[in-house]
Amino acid sequence: MEDDCVSLNPAAISNTKVETSDFQSKRCSLKNLLAINQAPFGAEIVGTHIVDQPICASAVTEPHSVSTLGGATVNLSCNSSGVFFGGSQVVNSEVLLGSNGMAHTLMDVVITHRGESLSSQSLLELVLRRPDLTVFASLLGASRLEGALDDATVFAPSDAAFKQLPAATLEALTPGGSARRLLLEHHLVPRRQLRTSGLADNLRVPTLTGPQDLLRLKVYRNGVGVGTAIIQTADLEAYNGVLHILDKVLVPSVLPVTESLTEEYSMFAEALRRVEEADPGFLGSGANNSVTVFAPSNSAFRRWGISRIDSLLENIGALRVLVKNHVVGNMLPAGSFSGQYSYQVWTESAQHVTVSWHEQRLQVGGASVLEADIPAAEGVVHCIDTVLLEAPYH
């Protein structure tokens, strides 16, 4: 390997022949590749072999993909023969450690042909050609936002996602209207090409609306979340950006939980309001400021007993415990729970509740979710039909 050719966590190229038609039968070192300015993919070859995160070959136990500095998505895999980066075997005996990363030696040069395969499609063309994005494409068509689809990430809701919206919301998305433009801007991240392999949990990214409008990106066991949505189809690449398809429409929300709830949940909203008065920033005091609230209905509180509620409202300590039973310090939309598993979720009162799907309805600690994925400034709200109590109350 040539001296000074690695600066940031690379998978380095060994001095073997380059298996492409452009360099067929040539012996070529990394220094020679850098010198061949007229060769196709010259700079891209180098970028393809640099990943901006440490990768230990021994930690690769199952296939997954990583994004390189050259803008390509490369697969990491392993089998009985060893570890492979983009189909090229990693030489486990040759690992160099430096102050700014590590270098692995590969048996072959990795060629992705990214520029050749993607040069014919722009982000706009990619959206317009998707049969499952007809609604998003039609909204985009008259918005005059085509210029924003360059060096960007698009989170596009599927047609099925738009069908979940109330009729009044859809009717408000009139051509040329401010509601339409704000909705579309909320799904566009300018000047960043975000791929799922490079996302960190609870990453906040500003949308085209402005720096104050942030999307929360979450990494779950069964996928990647964007706000209250889950990415259904990820990392569709164009030459000028990345497209992800969502299972829900992202609705901008600046209202706190207490104002996001309807009248049917006013008792819990009042309890939460009193706790926040005594403990300002209660829902936003955590480092991630991204929570899940299970809000019982008024009917659920009435079944519990009016007198008991009244006594709790006068006891801020007991009221705080009750509210904490219904708050989880992580943002968990309904789509983050897989139908084939049960989950133990810890609340802010250090109690755990079991979350699972039953007959197409989300169940939380014996309660059924009546309405899921209500966006709020602090995170997400699920409305439930039962008050969640600590063990002593049971």
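Parameters at a glance
- Residues numbered from 1 in each chain as written.
- Predicted model: local features only at pLDDT ≥ 70, side-chain atom pairs only at ≥ 80, totals over all residues.
- Heavy atoms only, no water.
- Helix = DSSP H or I, 4+ residues; strand = E, 2+ residues; numbered from the N terminus.
- Pairing = 2+ DSSP bridges.
- Axes fitted to C-alpha atoms, helices over the stretch in contact; angles between N-to-C directions.
- Phe/Tyr/Trp six-rings, centres within 6.5 Å; stacked < 30°, edge-to-face > 60°.
- Buried < 20%, exposed > 50% of the residue type's maximum accessible area, 1.4 Å probe, protein only.
- Parallel < 35°, antiparallel > 145°, perpendicular 65-115°, else oblique.
- Left-handed = near helix turned anticlockwise from the far one by under 90°.
- Contact = heavy atoms within 4.5 Å.
- Salt bridge = Lys/Arg side-chain N within 4 Å of Asp/Glu carboxyl O.
- pLDDT = per-residue confidence, 0-100.
- Core = buried A, V, L, I, M, F, W, Y, C linked by side-chain atoms within 4.5 Å.
- Polar contact = N/O pair within 3.5 Å; in protein donor to acceptor, adjacent residues only side chain to side chain.

*Asks:* Is there a simple way to think about the environment of Met267 in this case?
*Replies:* Topologically, Met267 is positioned in helix α10 (residues 266-278). Measuring from C-alpha to C-alpha, the distance between Met267 and Pro296 comes to 8.4 Å, with 29 residues separating the pair along the chain.

*Asks:* What is the right way to read the sheet that holds strand β8 (residues 188-190) from this model?
*Replies:* In spatial order, the strands read β8-β7-β13-β12-β11-β10-β9; together these seven strands make up an open sheet with mixed pairing. Only two strands of the sheet have a single partner each, and these edge strands are β8 and β9 (203-207). Averaged over all pairs of adjacent strands, the angle between strand axes in this sheet comes to 30°, irrespective of strand direction. Here strand β10 (residues 210-220) runs beside strand β11 (residues 223-226); their pairing, made up of four bridges, is antiparallel. Across the sheet, Tyr220 pairs through a bridge with Gly223, a residue of β11.

*Asks:* Help me understand the packing of aromatic side chains, please; the structure alone is not making it clear to me.
*Replies:* Any two aromatic rings considered together are summarised by their centre-to-centre distance and by the angle between their planes. All chains considered together, the criterion is met by three aromatic pairs. With a centroid separation of 6.4 Å and 75° between ring planes, the pair formed by Tyr341 and Tyr343 is classed as edge-to-face. Taking the relative accessible area as the measure of exposure, Tyr343 reaches 13% and is therefore buried. What links up through ring pairs into an aromatic cluster is the set Phe337, Tyr341 and Tyr343.

*Asks:* Quick question: what am I supposed to make of the packing of α10 against helix α13 (residues 316-324) here?
*Replies:* How two helices pack is summed up by the angle between their axes together with the distance between the axes. Remark: α10 packs on α13, axes separated minimally by 9 Å, with the N-to-C direction vectors making an angle of 120°. Relative to α13, the element α10 is oriented oblique. When the axes of α10 and α13 are compared, the crossing they make is left-handed. Contact with α10, carried on its side by Phe268, Ala271, Leu272, Arg274, Val275 and Ala278, involves Ile316, Leu319, Arg320 and Val323 of α13 and no other residues of that element.

*Asks:* Just checking my understanding: could you explain the pattern of salt bridges for this structure?
*Replies:* Working definition: two side chains of opposite charge can pair if their charged atoms are close together. Scanning the entire structure with this criterion turns up eight salt bridges. One salt bridge in this structure joins Asp373 and Lys248, with 3.1 Å as the shortest N-O distance. With Asp373 in strand β19 (residues 367-376) and Lys248 in the loop between β13 (241-246) and α9 (257-260), this pair connects stretches of sequence that are 125 residues apart. Each member of the pair, Asp373 as well as Lys248, is classed as buried. Arg273 is paired through a salt bridge with Glu270; the nearest N and O atoms lie 2.9 Å apart. Of the two residues, Arg273 and Glu270 are both situated in helix α10; the distance of three residues between them amounts to about one turn of the helix. Under the relative-accessibility criterion, Glu270 is labelled partly exposed at 27%. Taken together, the shared-partner salt bridges in this structure form one network comprising Glu270, Arg273, Arg274 and Glu314.

*Asks:* Would you mind showing me how to read the confidence of the model for the chain here?
*Replies:* If pLDDT is low for a region, its predicted coordinates should not be looked at in detail. For the chain, the mean per-residue pLDDT works out to 80, and 80% of the residues sit at or above 70. Note that pLDDT drops below 50 for residues 1-41; the model gives that stretch 80 contacts with residues more than four away or on any other chain.

*Asks:* How should I be thinking about the nonpolar core in this particular structure?
*Replies:* The nonpolar side chains of a soluble globular protein tend to be buried with one another. Among the nonpolar cores identified, the biggest contains 29 residues, and Leu261 and Val381 are the most heavily contacted of them. Contributions of two or more residues to this core are made by α10, β14 (291-296), α11 (298-304), α12 (306-313), α13, β19 and β20 (379-384). Setting aside chain neighbours within four positions, we find Leu261 in contact with Phe268, Ala269, Ala295, Val381 and Cys383. Phe136, Leu149, Leu165 and Ala238 belong to the second-largest nonpolar core, a separate cluster that totals 25 residues.

*Asks:* Would you take a moment to explain the side chain of Lys248 for this structure?
*Replies:* Among the polar contacts made by the side chain of Lys248, one reaches the side chain of Asp373 at a distance of 3.1 Å. Aside from chain neighbours lying at most four places away, what touches Lys248 is Pro157, Ala161, Gln164, Thr228, Ala229 and Asp373.

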